[in-house]
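# Fold and contact review
The lines below spell out each chain.
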Amino acid sequence: MHRPPLCASMTRVVPTLALLVAAACGGKDKASAGSAAAIPGIVGDTISVGALVPLSDNVALIGKPILAGVQGYFNQLNQKGGVAGKYKVKVIAEDITYANPSTSVQKFNKIKDQVVGFAPILGTDHINVTLPLLAESNMLAVPSTFDAEWVREPQLVPVGAPYQLQIINGVDYWSANGGKGKVLCAMVMATGYGSATLEGAEYVAKALGTTVAVTTKFRPGDQDFVAPVTQLKNGKCDAVAFASLPTETAKIMGTAAQLGFKPRWIASSPTWHMVLGKSPIAPYAKEHLWVSVDAAGLGDSTQSGIAPMMQALKTEMPDGSPDLYFSAGYVFAQAFHVVLEEAAKQGDMTRAGLAKALTSLGKVSFGGLLGDYMYGAVDTREPPRATTIFSIDPAAPGGFGMVAPNHQSPAAKDFVFTKKR
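Residues numbered from 1 in each chain as written. Predicted model: local features only at pLDDT ≥ 70, side-chain atom pairs only at ≥ 80, totals over all residues. Heavy atoms only, no water.

Take the layout of surface pockets next. In this approach, a probe sized like a water molecule rolls over the atoms, and the result shows the empty space that is left. The calculated volume of the largest pocket comes to roughly 340 Å³. If you go around the largest pocket, you meet 20 residues; those closest to its centre are Met274, Val275, Lys278, Asp319 and Ser321. Split into classes, the residues belonging to the lining of the largest pocket amount to 11 nonpolar, five polar and four charged. (1 Å grid on protein atoms, 1.4 Å probe; cavity = no way out; pocket = protein on both sides within 12 Å on 5 of 7 lines; lining within 4 Å. Points joined across faces, edges and corners; volume = space filled by probe spheres on them. Nonpolar A, V, L, I, M, F, W, Y, C, P; charged D, E, K, R; others polar.)

Below, the discussion takes up the packing of aromatic side chains. Under the counting rule described, the total for this entry stands at 14 aromatic pairs. On the numbers, 6.3 Å between centres and 40° between planes, the contact of Phe146 with Phe332 is tilted. In this pair, Phe146 is assigned in the loop between strand S5 (140-144) and helix H7 (163-179) and Phe332 in helix H13 (residues 324-346), connecting sequence segments 186 residues apart. Here Phe146 falls in the buried class, since its relative accessible area comes to 13%. Its end group placed over the ring of Tyr87, Lys86 keeps NZ or CZ at 5.3 Å from the ring centre. (Phe/Tyr/Trp six-rings, centres within 6.5 Å; stacked < 30°, edge-to-face > 60°. Helix = DSSP H or I, 4+ residues; strand = E, 2+ residues; numbered from the N terminus. Buried < 20%, exposed > 50% of the residue type's maximum accessible area, 1.4 Å probe, protein only. Lys NZ or Arg CZ within 6 Å of the ring centre and 35° of its normal.)

Look at helix H4 (residues 60-79) against H13: their axes get within 6 Å of each other, and the N-to-C directions meet at 45°. The angle between the axes of H4 and H13 places the two elements in the oblique class. Considering only the axes of H4 and H13, their crossing is right-handed. When H4 is examined against H13, the residues Ile62, Pro65, Ile66, Ala68, Gly69, Val70, Tyr73, Phe74, Gln76 and Leu77 are found in contact with a partner set consisting of Tyr325, Phe326, Gly329, Tyr330, Phe332, Ala333, Gln334 and His337. (Axes fitted to C-alpha atoms, helices over the stretch in contact; angles between N-to-C directions. Parallel < 35°, antiparallel > 145°, perpendicular 65-115°, else oblique. Left-handed = near helix turned anticlockwise from the far one by under 90°. Contact = heavy atoms within 4.5 Å.)

Turning to the nonpolar core, a few remarks are in order. In this structure, Met187, Trp265, Met349 and Tyr375 are the most contacted members of the largest nonpolar core, which totals 121 residues. Considering every element that reaches this core, the biggest residue donor is H13, with 14 residues. In this view, Tyr375 contacts Val157, Pro158, Val159, Ala335, Leu358, Leu361, Gly362, Val364, Phe366 and Arg381; residues no more than four positions away in its chain are not counted. In this structure, Leu134, Met139, Ala141 and Trp150 belong to the second largest nonpolar core, which totals 16 residues. (Core = buried A, V, L, I, M, F, W, Y, C linked by side-chain atoms within 4.5 Å.)

For strand S8 (residues 239-243), the tally of buried residues reaches five of five residues, placing the bulk of the element in the interior. Looking at chain direction, strand S6 (residues 184-189) and S8 are connected through five bridges and run parallel. Looking at the pairing, Val188 lines up with Ala243 of S8. Sheet topology note: the S8/strand S9 (residues 264-267) ladder contains four bridges and is parallel. Paired with Val240 across the bridge in S9 is Trp265. Handedness of the S8-helix H10 (residues 246-258)-S9 crossover: right-handed. (Pairing = 2+ DSSP bridges. Right-handed = clockwise from strand over helix to strand, strands pointing away.)

Structural data, given as structure tokens:
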């Protein structure tokens, strides 16, 4: 039986309308392949988005508020009518183990046919092991990790200034404010995240005409940090480029305080969590630790994204306290939402349609929660290059005090993004 002429003309001339009528028309051409009934992850008027985050290991301290931020954003969107005023978004979350990237492979395969993509996948090493799976399935994911490698990856929807630029800006600011000619060192986690931070430290050191004098590394879950901290102290390090996660940060800061080692610690974004501001290491961290991150101060009401994010936080989090990781999750969801809206606008919400929509985007603003990101063709993407240097202030919203807003160093401006190493 031939398709009725009306259906043929509607799907040919008005592609966005085809999403609504293709099922009724019963066609099997490309337009109906983009209909909700035919797309993995879209059932009726519900879009399912995956999230792979640690919810039960030591990194759950980060994973849980990130997931709450994702859910908070999509809950707000659903209350406003959903994607394209039609599709509600459901989040399917799976628990992964940060120290074991293979858990992301297992959980990816478990839910890949139930979701249109992932917002987010947490951890640099977890992104690395799932990238081939994303490419094979032609799926998109928002990385909950800020490696510079993601800028040129076609399957990823990166946000924020990369770890490399975070450290470049932080070290540059230290150098320009009393650190010139002093000894720069590094202490990083032995993961892809740590490697990205070390890359930034070595890059800015070269730009400043110096070197990273001492580098020490540690593994996720390590308990004893006397040896690496002693190595830094013996190296007479004046500043340490630092990549850690909150559980290890607490032990490292405690060890440094006990050993009387007092450099300027310059950390990338996942290193601190505000709960540490209530721990015994808080006085030491307040005096000696900076965190360089592309983010607004959580008390900055001049940023348009703060108020809706804070409203979502009060709904999703028990105590409603400002939380940098909740804010990050909120932005991860927003980035994926922008892609979904563009795909709906183009009338193709298949996985290929989402990938095409990503390349069609221009500059996307996140209301000041993170810097604007220029998407479009993967070879011309441009992430934000400025970061804010925060101190530790347990009394401030989110536990951060402001040292220098929107600092962009010459080295950060000149940094070149390349495809995966």
